[in-house]
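What follows is each chain in one-letter form.
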Number of protein chains: 2
Amino acid sequence: MQKNVYFETLGTASLNQLVQNGNYSKIIVLVDENTHEKCLDKFMERTPFTIDGIITIKPGEEHKNITTCNMVWQSLADFGCDRKSLLINLGGGVVTDLGGFTASTFKRGMDFVNVPTTLLSMVDAAIGGKTGIDFGVLKNQIGTITQPKLVLILQTFLETLEKRQFVSGYAEMLKHGLIAKHAHWETLKQKQLEIDADDIEASSQVKVGIVEQDPYEMGVRKKLNFGHTLGHAIESYYLEHLTKPTLLHGEAIAAGMILEGYLSHKVSGLSKVSLDEINKVVSAHFDKIDFEKDEIPIFIDLMKHDKKNTHGNINFVLLREIGNAVIDCKVSEKEIQEAFSYYMDR
Amino acid sequence: MQKNVYFETLGTASLNQLVQNGNYSKIIVLVDENTHEKCLDKFMERTPFTIDGIITIKPGEEHKNITTCNMVWQSLADFGCDRKSLLINLGGGVVTDLGGFTASTFKRGMDFVNVPTTLLSMVDAAIGGKTGIDFGVLKNQIGTITQPKLVLILQTFLETLEKRQFVSGYAEMLKHGLIAKHAHWETLKQKQLEIDADDIEASSQVKVGIVEQDPYEMGVRKKLNFGHTLGHAIESYYLEHLTKPTLLHGEAIAAGMILEGYLSHKVSGLSKVSLDEINKVVSAHFDKIDFEKDEIPIFIDLMKHDKKNTHGNINFVLLREIGNAVIDCKVSEKEIQEAFSYYMDR
Ligand SMILES: NC(=O)c1ccc[n+]([C@@H]2O[C@H](COP(=O)([O-])OP(=O)(O)OC[C@H]3O[C@@H](n4cnc5c(N)ncnc54)[C@H](O)[C@@H]3O)[C@@H](O)[C@H]2O)c1
Ligand SMILES: NC(=O)c1ccc[n+]([C@@H]2O[C@H](COP(=O)([O-])OP(=O)(O)OC[C@H]3O[C@@H](n4cnc5c(N)ncnc54)[C@H](O)[C@@H]3O)[C@@H](O)[C@H]2O)c1
Ligand SMILES: [Zn+2]
Ligand SMILES: [Zn+2]
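What counts, and where the lines are drawn
Residues numbered from 1 in each chain as written. Chains lettered and ligands numbered in written order. Predicted model: local features only at pLDDT ≥ 70, side-chain atom pairs only at ≥ 80, totals over all residues. Heavy atoms only, no water. Donors = N, O, S within 2.8 Å, 3.2 Å for Na, K, Ca; no water. Helix = DSSP H or I, 4+ residues; strand = E, 2+ residues; numbered from the N terminus. Buried < 20%, exposed > 50% of the residue type's maximum accessible area, 1.4 Å probe, protein only. Contact = heavy atoms within 4.5 Å. Salt bridge = Lys/Arg side-chain N within 4 Å of Asp/Glu carboxyl O. Nonpolar A, V, L, I, M, F, W, Y, C, P; charged D, E, K, R; others polar. Near = heavy atom within 4 Å. Polar contact = N/O pair within 3.5 Å; in protein donor to acceptor, adjacent residues only side chain to side chain. Pairing = 2+ DSSP bridges. Axes fitted to C-alpha atoms, helices over the stretch in contact; angles between N-to-C directions. Domains from an automatic or database assignment. Buried area = accessible area lost by both parts, 1.4 Å probe. Arc of directions from axis to C-beta. Disulfide = S-S within 2.5 Å.

A. Main features of the coordination of the zinc ion (ligand 3). Residues and elements named next belong to chain A. For the zinc ion (ligand 3), the protein coordination sphere consists of Glu 172 (OE), His 228 (NE2) and His 249 (NE2), at 1.9 to 2.1 Å. All donors of the zinc ion (ligand 3) belong to a single chain; written as a sequence motif, their spacing is E-x55-H-x20-H. Separated by 21 residues along the polypeptide, His 228 in helix α10 (residues 228–240) and His 249 in helix α11 (residues 249–267) bring together distant segments of the chain. Taken individually, His 228 and His 249 each receive the classification buried, so the pair is uniform in this respect.

Here is the structure:
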């Protein structure tokens, strides 16, 4: 299926081709206020075809909800879109997730293309066909699995991205090395943040490769959740508690990778040397989060509500070694406690 | 794909089997207030497994919207459903359409089963995987194409269905004969409304057969829209105009079949004898609708907005003969005018 991640540092040839062949009745671009300001001109300069409308949503996770969808659906209808129209999602993961969902449900499905503008969306969110919105406090509760017609990665958009957002996306690159490609991990370890287009491509191809094997997450795709079982729980908790400092997705996942690295050492045979290496590489870019002891049971409870965990069990993806992950690992609550002690006492 | 329409006049063996094999974390039944009252007990009596929750929505097309979806999504979350849970839609097309949509989007897709309780949903709405809700005035604007795990047709539910609703569903049976199965048409012509379980099964199998060939409506599935191009426009118009008498879906489609029967005679070679036969059989069960001359341009405009019509064209499915339909026919506005004259002057 997903043979369609085009990486172009200069042009938009693949998208132009799609539009030329697609005979679309309308072409609409979805942006948020920031990508409208920072990315839209760059995009338009590179695309020769006519855009019939721009839809702008408010930026940020708090707008990835059904109210915003209603607005986008209404705008698509107002622009006269039908199911032969094309939606181009130009933005970070919020725009690609929400845009993908609205497109996949508008008139039972219109085509969409993702043009990711954050590092996180380039190597992760824009790829793989998971679309979705949040519902109340639970993230990505409502959504579909629908593949974009094309994912077009243009590195130029990263020029305006805030450093902190960039580093957040870098966490997913590290994850890709850890779960499936030792060489990618080695490159990142060496280059640190000085990555280039080839590294972004290598990282996005890790995801493409995994999703190709298992688009509906019946098995191997779960590997992408390394660092995310605890990471998501931490992220949700911080989102709900306004007294807590804000935590970006990649920042929560960075902590999750150290915690689940520890669990890997305890449960699935990851060596102490590799655990220390993971700890060192991740810590070089991500500050320690100050967890409190009594928050740990809350995280455990949140994990039980994660949609990836069915029948009330908590499933972890753990590492056997760097570059090799194993799914569906059971872990005791005591081991989770220990992981937090390791994390805090490093 | 759709090898899963089980027709059981007595039991629920196929559903019980699915539940036994499915290892579902929760099983929830969705009903509307009427099917709660009239069908739920009958259903429960026949099912040995535990139901973890009942979700009841208000009946009627006017509740097939995003507000009701929000309520259903919330209830699914409150019942602790995850993506290994099962939703059983017990009701007419409103329940199966909306239930299918909420299930196909809850946590990116949980299983659902349709147990249709109206004739229309038995032979049509519950089959084929089109899910959806209305958005503003436009019908089925938001939705997905997602197959139910099972469609279980139990004739017993028809015992409480109002006569007028029954006849409305009968229109779709006539349609199935007209587009694909002359023998089915002959049976209905002869038996009139005295149909039995075999006839319902024959009719639902026409739809199953067509959907199997073309689940995403790229070609042959469009045949199911015979009578629906004009029928939908008429239905929408009547819905919006509260001074008009209410018109059930099948009643609008009945008029649509006569109108498009006339177009078939003019455009795609349907004989005059067959046109007269269609007119006679349909008229035996459906009263003439009093169209006014100045409504015709409104219908034409509405058809241009139908999601099946892309690029501003109106595409008709027409008949070559009874039992043989042809898709993507172009018709002039003048011919549409003539069709209404034929309809009114019969
Ligand atoms: N679908 C998936 O498989 C998947 C995977 C991972 C994450 N996600 C989702 O992705 C979202 C996070 O994505 P994100 O980190 O890209 O967040 P985001 O879309 O919110 O972008 C982060 C911020 O950067 C701004 N921005 C985007 N591009 C910019 C640019 N080029 N220059 C300047 N500012 C720019 C945005 O307006 C926003 O304020 C979450 O909602 C998460 O659930 C989805
Ligand atoms: N998905 C598809 O492919 C498809 C195809 C055709 C129609 N539809 C949709 O189906 C809907 C119409 O379906 P419908 O005609 O079944 O309407 P419906 O679901 O509104 O049912 C009609 C009425 O009968 C009541 N009812 C249902 N079963 C009953 C029973 N056994 N006894 C007594 N009362 C009962 C309902 O509560 C309702 O008041 C429309 O929304 C239409 O868009 C969908
Ligand atoms: Zn992530
Ligand atoms: Zn119909």
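Still more to cover.
B. Region of interest: the interface of chain B and chain A. With 34 residues of chain B at the interface, the matching set in chain A holds 34 residues. Between the two partners, chain B and chain A, sit two salt bridges. Residue composition of the side of chain B that touches chain A, grouped by class: nine nonpolar, 16 polar and nine charged.

C. Main features of the site of ligand 2. Residues and elements named next belong to chain B. Taken together, 24 residues form the shell around ligand 2, and within it Asp 32, Glu 61, Thr 117, Thr 118 and Thr 160 come nearest. Between ligand 2 and Asn 140 there is a distance of 3.5 Å, counted from an oxygen atom to a side-chain nitrogen or oxygen. Taken together, the elements giving at least two residues each to the shell around ligand 2 come down to α2 (33–38), α5 (93–105), α6 (119–125) and β7 (138–142). Its residues assigned to classes, the shell around ligand 2 shows seven nonpolar, nine polar and eight charged.

D. Local environment of the sheet that holds strand β5 (residues 111–116) of chain A. Residue and element names in this part refer to chain A. Ordered by their spatial adjacency, six strands build an open sheet running β1-β8-β5-β4-β2-β3, and the pairing between neighbours is parallel. Across the chains shown, the open sheet's two edge strands, defined by having one partner strand only, are β1 (5–7) and β3 (53–57). In this sheet, adjacent strand axes meet at a mean angle of 20 degrees when their direction is disregarded. Of the strand pairs in this sheet, strand β4 (residues 86–91) and β5 are connected by six bridges, and their pairing is parallel. Paired with Asn 89 across the bridge in β5 is Asn 114. Docked against the sheet, helix α1 (residues 13–22) engages β1, β2 (27–32), β4, β5 and β8 (150–153), running at close to 150 degrees with respect to β8. Seen against the sheet, helix α9 (residues 197–213) touches β1 and β8 and runs at an angle of roughly 175 degrees to β1.

E. Representation of the domain arrangement of chain A within the structure. Residue and element names in this part refer to chain A. Split into domains, chain A comes out as domain 1 (5–160) and domain 2 (163–345). The C-alpha-based centres of domain 1 and domain 2 are spaced at 27 Å. Taken together, the contact pairs 19 residues of domain 1 with 29 residues of domain 2. Interface area, domain 1 with domain 2, both sides summed: about 2,100 Å², of which 67% is carbon and sulfur. Ranking the residues of domain 1 by area buried against domain 2 places Leu 119, Val 123 and Lys 139 at the top, with a combined share of 27%. For the pair domain 1 and domain 2, the number of links is four salt bridges. Listed by contribution, the elements that provide at least two residues to the side of domain 1 that touches domain 2 are β1, α6 (119–125) and β7 (138–145). Among the elements that take part in the side of domain 1 that touches domain 2, α6 stands out by supplying five residues, more than any other. Among the residues making up the side of domain 1 that touches domain 2, the classes are represented as 11 nonpolar, five polar and three charged.

F. Structural view of the side chain of B:Thr117. Residue and element names in this part refer to chain B. Residue position: Thr 117 is located in the loop between β5 (111–116) and α6. At a separation of 3.3 Å, a polar atom in the side chain of Thr 117 contacts the main-chain amide nitrogen of Gly 92. Not counting the four nearest positions on each side in its chain, Thr 117 is found in contact with Thr 35, Cys 39, Leu 90, Gly 91, Gly 92, Met 122, Phe 157, Leu 158 and Leu 161.

G. Layout of helix α8 (residues 182–191) of chain B. Residues and elements named next belong to chain B. Listed as buried for α8 are His 184, Trp 185 and Leu 188. What you see down the axis of α8 is that its buried residues fit within an arc of 100 degrees, all on one side. In α8, the exposed residues that point more than 90 degrees away from the buried face are Ala 183 and Gln 190. Its buried side turned inward, α8 meets α7 (163–180), α9 (197–213) and α12 (272–283). Directly after α8, the chain includes Gln 192, whose backbone phi takes a positive value near 55 degrees.

H. The arrangement of the state of the cysteines in detail. Within the structure shown, the criterion is met by zero disulfides over all chains. Unpaired in this structure, A:Cys69 has its nearest cysteine sulfur neighbour in B:Cys69, at a distance of 12 Å.

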